[in-house]
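# Tertiary structure, described
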Amino acid sequence: MKRNEKRIIVGLTGASGIIYGIRLLEVLRDLGIETDLVMTDMAAKMFEIETSRTETEVTALATRVHDSYDFTSPLASGGFRNSGMVVIPCSMKTIAGISCGFADNLLLRAADCTLKERRPLVLVPRETPLNVIHLKNMVTLAEAGAVILPASPGFYHGPKAIGDLVDHIAGKVLDVLEIEHHLYRRWKENTL
Ligand SMILES: Cc1cc2nc3c(=O)[nH]c(=O)nc-3n(C[C@H](O)[C@H](O)[C@H](O)COP(=O)(O)O)c2cc1C
């Protein structure tokens, strides 16, 4: 990775809202930002359940794709140079796995490495309502340095379609990673 070039690890899990992850991959590709994709088995199921996209179509959006059981992947090492990781959407199971350091798939291991190397880790949980175990796990993760960015889009930017809501979340993720974008209209931006 050259200086100032971004390279983002994108993790997809089997929570509802897989469209958020797909959209983030599209946007990063369009911005010319390299992505390393790792997804769980349930994430692949969610393409069928919630979208008309095939796994092949989604993986084609990423620069590189990593098998979620391949612990020999570069992503399994903290030495892998990258600009941060996003897990979008992030299931409560994966939240639990990251929060207790139980790295039994490559996505969990990559998130573990991201935290230990003090790189940005953005988690986009999708569940409602939340029980106290979910909440405690998220507090643990926030204390460890992760950014908890719930998949709860705002409505103040005048969304007209589902895509506008999805773009709001993708845009908020890019904000955390300090990547310029025009995915949503910021509140009163032009009045300052
Ligand atoms: C249709 C469907 C929707 C689901 N939605 C959620 C969800 O929004 N949040 C969640 O935490 N789990 C959800 N799950 C359950 C997860 O898929 C399940 O806990 C799985 O073990 C997650 O594994 P992963 O984190 O390795 O992808 C859903 C499952 C199905 C089949």
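Shown above is the structure to which this text applies.
These remarks concern the structure in this document. (Residues numbered from 1 in each chain as written. Predicted model: local features only at pLDDT ≥ 70, side-chain atom pairs only at ≥ 80, totals over all residues. Heavy atoms only, no water.)

### Re the side chain of Thr13
Our working rule: Helix and strand labels come from DSSP, where a helix needs a run of H or I of at least four residues and a strand needs a run of E of at least two; each type is numbered from the N terminus. For every residue, the accessible area obtained with a 1.4 Å probe (protein chains only) is divided by the maximum for its type, and the residue is called buried under 20%, exposed over 50%, and partly exposed between those limits. For the purposes of these results, a polar contact is taken to be a pair of N or O atoms within 3.5 Å, where, inside protein, one atom must be able to donate a hydrogen and its partner to accept one; residues adjacent in sequence count only when each atom of the pair is a side-chain atom.
Within the secondary structure, Thr13 sits in the loop between strand 1 (7-12) and helix 1 (18-30). The exposure class assigned to Thr13 is buried, which follows from its relative accessible area of 1%. A polar contact of 2.8 Å, which involves the side chain of Thr13, links it to the backbone nitrogen of Ser91.

### Here's the deal with the pairing of strand 5 (residues 121-125)
The test is simple: For crossovers, right-handed means that the path from the first strand over the helix to the second runs clockwise, given strands pointing away from the viewer.
Counted residue by residue, strand 5 has five buried out of five residues, so it is predominantly covered. A two-sided burial pattern is seen for strand 5, the buried positions comprising Leu121, Leu123 and Pro125 on one face and Val122 and Val124 on the other. A crossover connection joins strand 5 to the parallel strand 6 (residues 147-148) through helix 6 (residues 132-143); in handedness this β-α-β unit is right-handed.

### Re the environment of His182
Mapped onto the elements of the fold, His182 is located in the segment after helix 7 (162-176). You can call His182 exposed: its relative accessible area is 79%.

### Details of the layout of surface pockets
Note the cut-off: Here the term cavity refers to a set of points on a 1 Å grid, laid over the protein atoms alone, in which a 1.4 Å probe fits but cannot get out; the term pocket refers to an open set having protein on both sides within 12 Å along at least five of seven lines, with lining residues being those that place an atom within 4 Å of a point. Grid points are joined across faces, edges and corners, and a volume is the space filled by probe spheres set on the points. Three categories are distinguished: nonpolar for Ala, Val, Leu, Ile, Met, Phe, Trp, Tyr, Cys and Pro, charged for Asp, Glu, Lys and Arg, and polar for the others, with Gly belonging to the last.
Taken as a whole, the largest pocket spans an internal volume of roughly 170 Å³. Every residue lining the largest pocket is listed: Thr13, Gly14, Thr40, Asp41, Met42, Ser68, Tyr69, Ser91, Lys93, Thr94, Asp104 and Asn105. Secondary structure elements with two or more residues in the lining of the largest pocket: helix 2 (41-50) and helix 4 (92-99). Its residues assigned to classes, the lining of the largest pocket shows two nonpolar, seven polar and three charged.

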